[in-house]
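Read off the chains here:
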Amino acid sequence: MFPTDFLWGTATAAYQVEGAAAEDGRTPSIWDVFSRTPGKVTRGETGDVACDHYHRLEEDLDILAGLGVGAYRFSISWPRVQPGGSGPANPRGLAFYDRLVDGLLARDIAPVATLYHWDLPQELEEVGGWPHRDTAFRFAEYARLMGEALGDRVHTWITLNEPWCTAYLGYASGVHAPGRTDAAAALAAVHHLNLGHGLAVRALREAADPAARMSVTLNLHHVRGVSEADAEAVRRVDTLANLAFLGPMLDGAYPRSLFDDTAAVTDWAFVQDGDEAAACAPLDVLGVNYYNPVLVRRREGGAGRETADGPADGVASPWIACQDVEFVRQPGPYTEMGWNIDETGLTELLLRLRRDHPGLPTMITENGAAFPDPVEADGRVSDDDRIDYLRRHIRAVAEAMAGGADVRGYFLWSLMDNFEWAHGYAKRFGVVRVDRGTLERTWKDSAHWYRGVIAANGVEQG
Ligand code: FCB
């Protein structure tokens, strides 16, 4: 059903799984500080221990081998390998990723490394964070260090994970670290993330094996309007969520409409001559994270508001200059996150990318679902709802491929239950259960099922 070289994998991120927050020279990231700030994370939970993956690496590598994955997407903790975000690499931090990468290769699993999955060194936030231009250059320097350290062995490099979240949730709505609510700063962050991405790709191309593939992971929004009268609302959200990144990264230019739409917030003077070209570095594959589509309509008066969970009042909106856009609750069924399940958005999104960016292959770098996952008396977790979600979405990928989309892989989010950002450990996305008391790993039914998908190289026809 899928091409023989299709990459099946699972994904995790450093702060969500590693723990060992103060070991071997690691300094705090913005998530260490944010999660300690009262009221920011459910039950005040932190990533101090997380899944203790740092100490249970071999066990987790064996789980990956047991699943039969061809690739594993992990992220590197910047403050672990370059404490404070500047200066030389920290050998003790690098040693962990050496063991991880070598452990993957020994098991015939391709390492897919994300450089930035949201854990900015706190020191860099204190001098301005992503709204500050220098952060882009610090990021490229860190990319070079990692290229030098692991560039001979990493199969695919992903510069940023979901810069949409970093910029808009981190600096506009404040529901993610560092928790700022400053729309102009968020747009400056957008730009410096784009610039940092382009600079990092160039640094990696110089430092890493020329065969390594370069990528970035975007949480592209598949935006639909309630009716045709809502086309302007769709355009606005698409511009802010998608074209603000796709434009500079893939085409070397922001859409001018982005500047017009947000003119009341900023004049974009932080975009210097040559920046848009610098943000654009040829990529080998585009990473796409997909969970659900977005439904909008034109709103008369009032402000569009959304939290990490969806629309809510009394919270700053990540949707800058979208006061006349309403984010409409979509029909169910829903996952435990309150996100609706609709795989047709994934097919449509992949076909759109094929149309707009022909010649650029994609891979699904995240897709998955949180459900309550009760443990049964015999210890089993019969997560049929997750299996159904995954099956639908894998079929949706196949459908897009049948329509001509060049999709190279699928990474299930997530290998194991982990620290789900502002939700702490309350939301479980893993195909492997992690007991919060003992940290014991248990395969859910979905893990057994996914192993079968990988072995068969596809799912049964619908
Ligand atoms: C994505 C993040 C990932 C995980 C999933 C559920 O936005 O990249 O770390 O939290 O959502």
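Refer to the structure presented above.
None of these values were measured; they are calculated from a predicted model.

Novice: Residue-level account of the packing of helix H14 (residues 384-402) against helix H15 (residues 445-456), with values.
Specialist: Their axes nearest at 8 Å, the elements H14 and H15 cross at an angle of 30°. One way to sum up the angle between H14 and H15 is to call them roughly parallel. Viewed along their axes, H14 and H15 form a crossing whose handedness is right-handed. Two secondary-structure elements touch here, H14 through Asp384, Arg386, Ile387, Leu390, Arg391 and Ile394 and H15 through Asp445, Ser446, Trp449, Tyr450 and Val453.

Novice: If you had to explain the sheet that holds strand S9 (residues 325-327) to someone new, which residues and values would you point to?
Specialist: Spatial ordering of the open sheet is given by S6-S8-S9, a layout of three strands whose pairing is mixed. A strand with exactly one partner marks an edge of an open sheet, and here the two such strands are strand S6 (223-225) and S9. Between one strand axis and the next, the sheet turns by 40° as a mean value, whatever way the strands run. Two elements, strand S8 (residues 294-298) and S9, share three bridges in a ladder whose sense is antiparallel. Each bridged residue has a counterpart across the sheet, and for valine 296 the counterpart in S9 is phenylalanine 327.

Novice: Residue-level account of empty space enclosed by the protein, with values.
Specialist: This structure, assessed with the given rule, holds four cavities of 30 Å³ or more. Estimates place the volume of the largest cavity at around 40 Å³. Around the largest cavity, the lining residues are Ile30, Trp31, Tyr116, Trp118, Cys165, Thr166, His176 and Ala177. Taken together, the elements giving at least two residues each to the lining of the largest cavity come down to helix H2 (30-35) and helix H8 (163-171).

Novice: So what's going on with the site of the ligand? Residues and values would help.
Specialist: The local shell around the ligand consists of Gln16, His117, Trp118, Asn161, Glu162, Tyr291, Glu366, Trp413, Glu420, Trp421 and Phe429. Within the side chain of glutamine 16, a nitrogen or oxygen atom sits 2.7 Å from an oxygen atom of the ligand. Burial of the ligand by the protein amounts to 95% of the accessible area it has alone, namely 300 Å². Per-class residue counts for the shell around the ligand are five nonpolar, three polar and three charged.

Novice: Tell me about helix H7 (residues 134-150), and name the residues and values.
Specialist: Along an α-helix, residues three or four positions apart point the same way, because every turn accommodates 3.6 residues. The end-to-end C-alpha separation of H7 is 24 Å, in line with the 24 Å expected for 17 residues at 1.5 Å each. By the burial criterion, the buried members of H7 are Thr135, Ala136, Arg138, Phe139, Ala140, Tyr142, Ala143, Leu145, Met146, Gly147 and Leu150. At its buried positions, H7 is contacted by helix H4 (78-81), helix H5 (91-106), strand S3 (110-116), helix H6 (122-126), strand S4 (156-161) and helix H9 (183-207).

Novice: How would you sum up the nonpolar core? Please name residues and give values.
Specialist: Of all hydrophobic cores here, the largest spans 154 residues; its most connected members are Trp31, Ile76, Trp157, Tyr168, Val397, Tyr410 and Tyr450. Counting residues per element, this core draws most heavily on helix H10 (residues 231-251), at 10 residues. Setting aside residues no more than four positions away along its own chain, tyrosine 410 makes contact with Phe6, Leu7, Trp8, Gly9, Ile364, Asn367, Leu390, Ile394, Val397 and Tyr450. In this structure, Ala136, Leu195, Leu199 and Ala278 belong to the second largest nonpolar core, which totals five residues.

Novice: Go over the environment of alanine 264, please, and point to the residues and values.
Specialist: On the secondary structure map, alanine 264 appears in the loop between helix H11 (256-261) and helix H12 (275-279). Along the chain, alanine 264 and alanine 321 lie 57 residues apart, while their C-alpha atoms are 7.9 Å from each other.

Novice: Run through H14, naming residues and quoting values.
Specialist: Taking 1.5 Å per residue as the helical rise, H14 with its 19 residues ought to reach 27 Å, and the 27 Å between its terminal C-alpha atoms agrees with that figure. Of the positions making up H14, those classed as buried are Arg386, Ile387, Tyr389, Leu390, Arg391, His393, Ile394, Ala396, Val397, Ala398, Ala400 and Met401. For H14, the secondary structure elements touched by its buried residues are strand S1 (7-11), helix H13 (344-356), strand S10 (362-367), strand S11 (407-413) and H15. A positive backbone phi angle near 110° is found at glycine 404, which sits one or two residues after H14.

Reading the values: the criteria
- Counting starts from 1 at the beginning of each chain's written sequence and moves along it residue by residue.
- Confidence filtering applies because this is a predicted model: local features only for residues at pLDDT of at least 70, side-chain atom pairs given and counted only at 80 or more, and all residues used for totals across whole chains, interfaces and linings.
- Note: side-chain values were computed over all heavy atoms of the structure, leaving out hydrogens and water.
- Here an angle of 0 to 180 degrees is reported between the N-to-C directions of two axes, which are lines fitted to C-alpha atoms, with helices fitted over the stretch in contact.
- Think of it this way: any DSSP run of H or I at least four residues long counts as a helix, any run of E at least two long counts as a strand, and we number them from the N terminus.
- Any angle between 65 and 115 degrees counts as roughly perpendicular, while under 35 counts as roughly parallel, over 145 as roughly antiparallel, and the rest as oblique.
- A clockwise turn of the near helix away from the far one marks a right-handed crossing, whereas an anticlockwise turn of less than a right angle marks a left-handed crossing.
- Residue contacts are defined here by distance: any two heavy atoms, one from each residue, within 4.5 Å place the two residues in contact.
- Whether two strands pair depends on DSSP finding at least two bridges between them.
- Only protein atoms enter the 1 Å grid used here. Points where a 1.4 Å probe fits but cannot escape make up a cavity, open sets with protein on both sides within 12 Å along at least five of seven lines make up a pocket, and a residue lines them when an atom lies within 4 Å of a point.
- Grid points are joined across faces, edges and corners, and a volume is the space filled by probe spheres set on the points.
- Each residue is tested against the molecule or strand, and it is near if at least one of its non-hydrogen atoms lies within 4 Å.
- Polar contacts, as counted here, are pairs of nitrogen or oxygen atoms within 3.5 Å of one another; within protein the pair requires one atom able to donate a hydrogen and one able to accept it, and residues that are adjacent in sequence qualify only if both atoms are side-chain atoms.
- All accessible areas in this document rest on Shrake-Rupley with a 1.4 Å probe, and a residue is counted as covered only by the protein chains that are shown.
- Residue polarity is assigned by list, with Asp, Glu, Lys and Arg as charged and Ala, Val, Leu, Ile, Met, Phe, Trp, Tyr, Cys and Pro as nonpolar; anything else, Gly included, falls into the polar class.
- The span one expects for a helix is its residue count, reduced by one, times 1.5 Å.
- Exposed residues in this analysis have more than 50% of their type's maximum accessible area, buried residues have under 20%, and partly exposed residues fall in between, with area computed by a 1.4 Å probe over protein chains only.
- In plain words, nonpolar cores are sets of buried Ala, Val, Leu, Ile, Met, Phe, Trp, Tyr and Cys residues tied together by side-chain atoms within 4.5 Å.

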